[in-house]
Amino acid sequence: MKIAILGGGNMGMTYAKAFVSRKIVLKEDLLIVEKHDEKREQLKMEGIASLSADIDESIQKYDIVIVAVKPQDFRILSEKLKNYLVEGQMILSIMAGIQISQIQDLLSHKNVVRAMPNTPAQLGFGITAFTVAKDASFENISVVDMLLETTGKAIFMKDESMLDAVTALSGSGPAYFYYIVQHMIEAGKQMGMDENVAGMLVKETMMGAFQILNHSKLTIDELIAMVASKGGTTEAALNTFKKREVGEHIIEALKSAEKRAKELSGGA
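This text gives an overview of the structure that appears in the document. Note that the coordinates shown come from a computational prediction; the quantities given were computed from them, not determined experimentally. (Residues numbered from 1 in each chain as written. Predicted model: local features only at pLDDT ≥ 70, side-chain atom pairs only at ≥ 80, totals over all residues. Heavy atoms only, no water.)

1. Concerning helix α1 (residues 10-21)
In this model, α1 (12 residues) spans 16 Å end to end at C-alpha, consistent with the 16 Å of a helix rising 1.5 Å per residue. With nine of 12 residues buried, α1 is to be regarded as a mostly interior element. Residues of α1 that are buried make contact with β1 (3-6), β2 (30-33), α2 (37-46), β4 (64-67), β7 (126-132) and α5 (138-148). Immediately beyond the C-terminal end of α1, within one or two residues, lies Lys-23, with a positive phi of roughly 60°. (Helix = DSSP H or I, 4+ residues; strand = E, 2+ residues; numbered from the N terminus. Expected span 1.5 Å × (residues − 1). Buried < 20%, exposed > 50% of the residue type's maximum accessible area, 1.4 Å probe, protein only. Contact = heavy atoms within 4.5 Å.)

2. With respect to the layout of surface pockets
Here the largest pocket defines a volume of roughly 3,100 Å³. Classifying every residue of the lining of the largest pocket gives 31 nonpolar, 16 polar and two charged. Approximately 920 Å³ is the volume attributed to the second largest pocket. For the second largest pocket, the lining is made up of 34 residues, of which Gly-7, Ala-68, Val-69, Lys-70 and Asp-73 are closest to its centre. Only α1, α3 (74-81) and α6 (162-171) provide two or more residues apiece to the lining of the second largest pocket. (1 Å grid on protein atoms, 1.4 Å probe; cavity = no way out; pocket = protein on both sides within 12 Å on 5 of 7 lines; lining within 4 Å. Points joined across faces, edges and corners; volume = space filled by probe spheres on them. Nonpolar A, V, L, I, M, F, W, Y, C, P; charged D, E, K, R; others polar.)

3. Digging into the sheet that holds strand β8 (residues 152-156)
With respect to topology, eight strands assemble into an open sheet ordered β3-β2-β1-β4-β5-β6-β7-β8, the strand pairing being mixed. This sheet does not close on itself; its edge strands, each paired only once, are β3 (50-52) and β8. Pairwise comparison of adjacent strand axes, ignoring direction, gives a mean angle of 20° for this sheet. As defined by bridge partners, strand β6 (residues 112-116) adjoins β7 across four bridges and the pair is classed as antiparallel. (Pairing = 2+ DSSP bridges. Axes fitted to C-alpha atoms, helices over the stretch in contact; angles between N-to-C directions.)

4. A look at α5
Listing the buried residues of α5 in full gives Asn-140, Val-143, Val-144, Leu-147 and Leu-148. For α5, the angular spread of buried residues about the axis comes to 125°, placing them on one side. Pointing more than 90 degrees away from the buried face of α5 are the exposed residues Phe-138 and Glu-139. (Arc of directions from axis to C-beta.)

5. Quick word on the pattern of salt bridges
What the rule picks out here adds up to nine salt bridges. For Asp-29, the salt bridge goes to Lys-2, with nearest N and O atoms at 2.7 Å. Pair noted here: Asp-29 is in the loop between α1 and β2 and Lys-2 is in the segment before β1, with a separation of 27 residues, a long-range link. The exposure class assigned to Asp-29 is buried, which follows from its relative accessible area of 16%. Residue classification places Lys-2 among the partly exposed positions, given a relative accessible area of 30%. Arg-40 is the partner of Asp-37 in a salt bridge, and the nearest nitrogen-oxygen pair spans 2.6 Å. You can see Asp-37 and its partner Arg-40 sitting in helix α2, three residues apart, about one turn around the helix. (Salt bridge = Lys/Arg side-chain N within 4 Å of Asp/Glu carboxyl O.)

In structure tokens, the structure reads:
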């Protein structure tokens, strides 16, 4: 398999490193196209792929072309890319907000897959949802699933419109947890703790809670009840959450993220 990655940013490099380390592709069969000289020099030092400053006819020898550029840069890139694509090549887009039909139109190319990863993919703990063009083969789905699972877990979504919800839920999701952690640490500081101590307590608590959540057969309500004894400290905090309608506000916030994703993809 030969793979070209357009864009040497965080996500492009995440996949490049994962493909090589998992022996999905040999270094000599992996190309990274990066237009910025300084970034390209950094990539050269890592030595995990061939490098190019621009798209040219050499792109034709790659089986899969991964588009990992910023969405706002894609229109200009597509004007050059479409001149070199050949039948049978698969386009895998990890750009947010650009629909398969838009990519197909701009590239005059039908074999397109769209994926929505999240940043934990950088450590191999990502969750990536993907969808394919309606005439894609089962083989296409299998290959994409294999590639995306090099950075964590992958889930196939038959309905492309669900990727806007995926963007809101898991694509943007890490930022929500960072936000909660930030304010839990601030609460610790206001209660008199050193910031480093509060940070350690909060981060280790979240890690431990995740492990229980991930391995327990109990429902989330049951897990909450295990911690929140009647009349106790946890119940006092949970009652404040309920009084302030924190849960409803979280749902509202994620729906606003989904709405924005639809606006960016032209689905609003």
